[in-house]
Amino acid sequence: MSPTAGTVRVLGADPAALSGRDRHRLLARVGTVHQSLELVGRLRVVHDVNAGRLASWSAARAAWSLVRPQGLPEVLAALARVGLADRVFERTERLSGGQRQRVAIARLLVQQPDLVLADEPASALDPVLADRALALLGEPARTRGGALVAALHDAGLVRRHCDRVVGLAGGRVVLDAPVTALSAADLAELYGAAT
Amino acid sequence: MTLELDRQVRPAAPPLRRDRRRWAWGLGAAGVLAWSLAGAGLFSGDVFNPGGTAQFGRFAAAALDPAVDAAFLGVLARSALVTVAHAAAGTALALALGAAGAVLVSRTTWGRRRAGWLAARGVLAVPRGLHEAVWGLLLVNVLGLDPWVAVLAIGLPYGAVTAKVFADLVDEAPRGAYRALRAAGAGRTSAALYGLLPPAAGGLLSYAFYRLECAVRSAVVLGMVGAGGLGYELALSFASLRWEQVWSAVYALSLLCLAAEVAGRGVRRRLAAPPSSGRRDRVLAAAVAGTVVLLAWACWYLALSPASLVSDRTVTQLAHVLRAAWPPATDGGLLRAVAASAVDTVQVSVIAIAVALLGAVLLAGPAARPAGRSSPGRRGAGALLRGGLLLLRAVPAPVWALVLLFLLLPGVLPGALALGVHTLGVLGRLAAETTEELDSRPRAALAALGARPAAAWLYAVLPRAAGPVLAHALYRWEVAVRDTVLIGLLGAGGLGALLASELATFDWAAVTTVLVAVVVLTWAVDVVSDRARAALR
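Sequence order as written defines residue numbering, which begins from 1 separately in each chain. A letter from A marks each chain and a number from 1 marks each ligand, given out in the order of writing. Whole-chain, interface and lining totals are the exception, using all residues; otherwise, since this is a predicted model, local features are given only for residues with pLDDT of at least 70 and side-chain atom pairs are given and counted only at 80 or more. Neither water nor hydrogens contribute to the side-chain values; these are computed over all heavy atoms in the structure.

This is how it is decided: UniProt positions are given in the numbering used here, feature names are shortened, and annotations may be inferred rather than shown by experiment.
Looking at an unreviewed UniProt entry, chain B carries the name Phosphonate transport system permease protein, with the source organism given as Geodermatophilus africanus. Taken verbatim from the UniProt record of chain B, the Sequence similarities (unreviewed entry) comment is "Belongs to the binding-protein-dependent transport system permease family."

As annotated in an unreviewed UniProt entry, chain A carries the name Phosphonate transport system ATP-binding protein and comes from Geodermatophilus africanus.

Next up, the structure:
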């Protein structure tokens, strides 16, 4: 993706200017939870989680892992934290939508990125799981000095898990404030502007 | 929050349950492949033909210098017309037989009488199990050198396949309208005409064009076993070592097969996506009208006369052959030869499918049209590769076998490789199309998190494309067995070679035995491949 104007700097580097090994390193530091998850249903859960580490694996190791799963302890630890350790060898397509969303989060956990981009990461989860998912996604921000950028629609989740709110309406920034300063009037104005 | 608690809990992994059935099939396939390669002499003895390289050099040099003198080009043009006429008349016969046969083998006809339906299907398996060329060799002994030989050789086996496919198409059409008509008191026939045929018509027409396309390839092959036309010219030039003429014939028949394939695909694509305006598609109408004219021309050009089918000579000859052919020969020597040839045939077909599958997996990525933007170099390479695959499948396998016989010693390997590259043309296109149709987002997501292209392909493309491609490879295996018999007829060993030698000595009882072996082998391969496909699902 190239910007229509100006330049993009990710973690202090311009991704368009990098190539080869440096580019792979930069990409590996950015973890994404897509709205449609982009998991491969035919694979077992363990492989879909391991896919988060492909940047650091050689092609040979990646191929061998499909036969004998590599790095199982890390995968199990990540799955345990999203509550799916018992489904590790299930085919991903047999899981429900919410479970798949948690697999995508587990994939992010084994990737250990510095920057996490999440597009509606809690949309298919019940409130308790949604809180847990956001806590897990925010972990790199808390423990490694990284950041979580999440697109959310639920103001409650925003208040509990985020530091800063940027409101977008019609492609423009209409609100940019610390969460502590967020008032009900701000929210009403934001949603009013969006509709 | 249970977050902190979770961190201390490290559950043991549940046991990794592998699908036993799939592993058994996988190991079995690997074992059969190793056995076939050993049988081909790959692990022992010489496979290359050092004496042939000089001859091959002269042969290859002639590729750039084909014979273009007016006399030979005239011969080629006339024989191309003969080949097209054989294909057209054979297809017409096949479609007529198929339409009549479809009524006999459709579920709609038999209703709940399952035994009758199974028996009707079983009868069709016999003509289907024999290659067109085998039919050609059998018919030439009954009819003599008559244009009917090629027409019947194409029409009978194609008719059987067409009957099965037509019946399936009609059976699979939505039945609501048919049931409503029956409930309103319409008879079976009129209800089928109004309720079943219209929804199935597109599929039927599309398949008819596909058969015409295949018939062109079959007509070339029939020429190679002596029925006249382009294949015959090729075989003649080859036998007299005139490499320039061989190449002209190869180019001519490649062009013919390519034209048939491109035209056939074009028509079928139009049928699959009809224009939304609701008006008649002019190109399609022209194609149908042109084909009907072509059929009429073919019958006139070949001077087909029904009288020769029922002449006294034909009847006496047929009676003589049938009497000599029953009962089949069962002496020990022949049965041992049949068993050994059957083993060769299976080995050739297994190696061919393995070669084709390996090639298809390797080429699927580069041959697929890339989803997003791509460099001109990448697009050019892809187009070149697709053109190459088209050429591989357009040229019949026996032609490839003739070329390979320069480089390799006669035996299992040249036939297997020839069949392999021909099948690669089919499987490669299929694998590329499967890759194109996959959702490209999971692969893009893996690329975005820094995965190398090979790793992203392994995790996002392979798991989803493997199933359909493997299933089709298994399906092609049955076709490969039939083609192996054909290559054998031209001298590459296996059941085909045995059949050719028994035919040459007019040992009809032995011919029956070999034919039974061919049909049983085709049927067995069909059953095994069906089971394997079920395990894949």
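With respect to the overall build of chain B
Applicable threshold: Helix numbering and strand numbering both begin at the N terminus, where a helix is a DSSP run of H or I of at least 4 residues and a strand a DSSP run of E of at least 2. Here the radius of gyration uses the C-alpha set of atoms, whereas the globule reference equals 2.2 Å times the residue count to the power 0.38. Exposed residues in this analysis have more than 50% of their type's maximum accessible area, buried residues have under 20%, and partly exposed residues fall in between, with area computed by a 1.4 Å probe over protein chains only. Contacts are assigned to residue pairs with any non-hydrogen atoms lying within 4.5 Å of each other. For every accessible area listed, the method is Shrake-Rupley and the probe measures 1.4 Å; residues are considered covered only by the protein chains on display. Asp and Glu are treated as the negative residues and Lys and Arg as the positive ones, with His and the ends of the chain left uncounted. Each charge is placed at NZ for Lys, CZ for Arg, CG for Asp and CD for Glu.
Assigned secondary structure in chain B consists of 22 helices and 0 strands. Whereas a compact globule of 537 residues would reach a radius of gyration of roughly 24 Å, chain B reaches 26 Å, a difference of no more than 12%. Counting only C-alpha atoms and orienting by the principal axes, one finds that chain B spans roughly 95 × 75 × 55 Å. Going through the 537 residues of chain B one by one, you find that 45% of them count as buried. In chain B, of all internal contacts separated by at least 6 residues, the share reaching a separation of at least 24 is 78%. When the accessible surface of chain B is totalled, it reaches about 26,000 Å², and 67% of it is carbon and sulfur. Between the centroid of the 49 positive side chains of chain B and the centroid of its 29 negative side chains there is a distance of 10 Å.

What about the packing of helix H2 (residues 20–39) of chain B against helix H22 (residues 508–536) of chain B?
All names here are of chain B. In plain terms, the rule: Orientation is described by axes fitted as lines to C-alpha atoms, over the contacting stretch for helices, and by angles from 0 to 180 degrees between their N-to-C directions. An angle below 35 degrees is read as roughly parallel, one above 145 as roughly antiparallel, one from 65 to 115 as roughly perpendicular, and any other as oblique. For a crossing to be left-handed, the near helix must be turned anticlockwise from the far one by less than a right angle; the clockwise case is right-handed. Polar here means any residue outside two lists: the nonpolar Ala, Val, Leu, Ile, Met, Phe, Trp, Tyr, Cys and Pro, and the charged Asp, Glu, Lys and Arg; Gly therefore counts as polar.
H22 packs onto H2 with a crossing angle of 135° between their chain directions and a minimal axis gap of 9 Å. In terms of axis orientation, H2 runs oblique to H22. Two packed elements cross with a definite hand, and for H2 against H22 that hand is left-handed. On H22, the residues that touch Arg 21, Arg 22 and Trp 25 of H2 are Val 528, Arg 531, Ala 532, Ala 534, Ala 535 and Leu 536. A breakdown of the residues in the contact of H2 with H22 according to their chemical character gives 6 nonpolar, no polar and 3 charged.

As for the interface of chain A and chain B
Applied cut-off: What counts as buried area is the accessible surface, traced by a 1.4 Å probe, that two parts surrender upon association, with contributions from both included. When a carboxyl oxygen of Asp or Glu is within 4 Å of a side-chain nitrogen of Lys or Arg, the pair counts as a salt bridge.
The interface is formed by 42 residues belonging to chain A together with 34 residues belonging to chain B. Here chain A and chain B share an interface that buries about 3,200 Å² over both sides, 64% of which is from carbon and sulfur atoms. Where chain A touches chain B, the interface holds 0 salt bridges. Among the elements of the structure, helix H1 (20–28), helix H3 (59–67), helix H4 (72–81), helix H5 (97–111) and helix H6 (127–137) of chain A are those that each provide at least two residues to the side of chain A that touches chain B. When residues of the side of chain A that touches chain B are assigned to their parent elements, the largest contribution, 6 residues, is made by H3 of chain A. Of the residues contributing to the side of chain A that touches chain B, the split by class is 25 nonpolar, 7 polar and 10 charged.

Notes on helix H10 (residues 188–227) of chain B
All names here are of chain B. The following threshold applies: By this rule, a helix spans an expected 1.5 Å times one less than how many residues it contains. Each residue is assigned a bend, namely the angle between axes fitted to the seven residues that terminate at it and the seven residues that start at it.
Given a rise of 1.5 Å per residue, 40 residues ought to cover 58 Å, yet the end C-alpha atoms of H10 are separated by just 42 Å, more than 12% below that figure. Taking the largest bend as the criterion, H10 deviates by roughly 55°, centred on Leu 197, and proline Pro 198 comes between one and four positions later. Just beyond H10, the residue with positive phi is Gly 228, at close to 90°.

Some points on a nonpolar patch on the surface
The line we're drawing: Here the term patch refers to residues with relative accessible area over 30% and no salt bridge, with like charges joined within 9 Å and nonpolar side chains (Val, Leu, Ile, Met, Phe, Trp, Tyr) within 5 Å.
A contiguous nonpolar patch, built from Trp 64 and Val 67 of chain A together with Trp 23 and Leu 27 of chain B and spanning about 430 Å² of accessible area, is present on the exposed surface. The class of Leu 27 of chain B is exposed, set by a relative accessible area of 57%.

Overview of the side chain of Ser 218 of chain B
All names here are of chain B. Spelled out, the test is: In protein, a polar contact means a hydrogen-donor-capable atom and an acceptor-capable atom, both N or O and within 3.5 Å, with residues adjacent in sequence counting only if both atoms are side-chain atoms; elsewhere, any N or O pair within 3.5 Å suffices.
Structurally, Ser 218 is set in helix H10. Classification of Ser 218 by relative accessible area gives buried; the value is 6%. Polar side-chain contacts of Ser 218 include one of 2.5 Å to the side chain of Tyr 158. Ignoring any residue separated from it by four or fewer positions in sequence, one finds Ser 218 in contact with Glu 132, Ile 154 and Tyr 158.

As for the nonpolar core
Residues and elements named next belong to chain B. Formally: To define a nonpolar core, start from buried Ala, Val, Leu, Ile, Met, Phe, Trp, Tyr and Cys residues and group those joined through side-chain atoms within 4.5 Å.
Counting residues in hydrophobic clusters, the biggest one holds 113 residues, and the most contacted among them are Val 134, Leu 234, Leu 495 and Leu 499. Ranked by residue count, the leading element in this core is helix H15 (residues 332–367), at 13 residues. Those residues within four positions of Leu 499 in sequence are excluded, and the remaining contacts are Val 134, Leu 489, Val 511, Val 514 and Leu 515.

Brief notes about the pattern of salt bridges
Residues and elements named next belong to chain A. Tallied over the full model, the rule gives 10 salt bridges over all chains. For Arg 87, the salt bridge goes to Glu 90, with nearest N and O atoms at 3.2 Å. Given a relative accessible area of 24%, Glu 90 falls into the partly exposed group. Asp 131 is the salt-bridge partner of Arg 160, the closest N and O atoms lying 3.0 Å from each other. Taken together, the positions of Arg 160 in helix H8 (residues 155–161) and Asp 131 in helix H6 put the pair 29 residues apart, joining distant regions of the chain. Residue classification places Asp 131 among the buried positions, given a relative accessible area of 16%.

So, the domain arrangement of chain B
All names here are of chain B. Heads up, the condition is: Each domain's extent is set by a domain assignment, obtained either automatically or from a database.
With domains assigned, chain B is organised as domain 1 (63–275 + 282–321) and domain 2 (330–536). Between the C-alpha centres of domain 1 and domain 2 the distance comes to 23 Å. In total, domain 1 and domain 2 occlude about 2,500 Å² of area from one another, counting both sides; carbon and sulfur atoms represent 76% of this. In this structure, the connection of domain 1 to domain 2 is made through 1 salt bridge. A salt bridge links Glu 132 to Arg 482, with the shortest nitrogen-to-oxygen separation between them at 3.2 Å. In this structure, the connection of domain 1 to domain 2 is made through 4 residue pairs in polar contact (both at pLDDT 80 or more). Those elements that provide at least two residues to the side of domain 1 that touches domain 2 are helix H6 (114–129), helix H7 (132–143), H10, helix H11 (230–239) and helix H12 (243–272). Top element by residues in the side of domain 1 that touches domain 2 is H12. It accounts for 9 residues.

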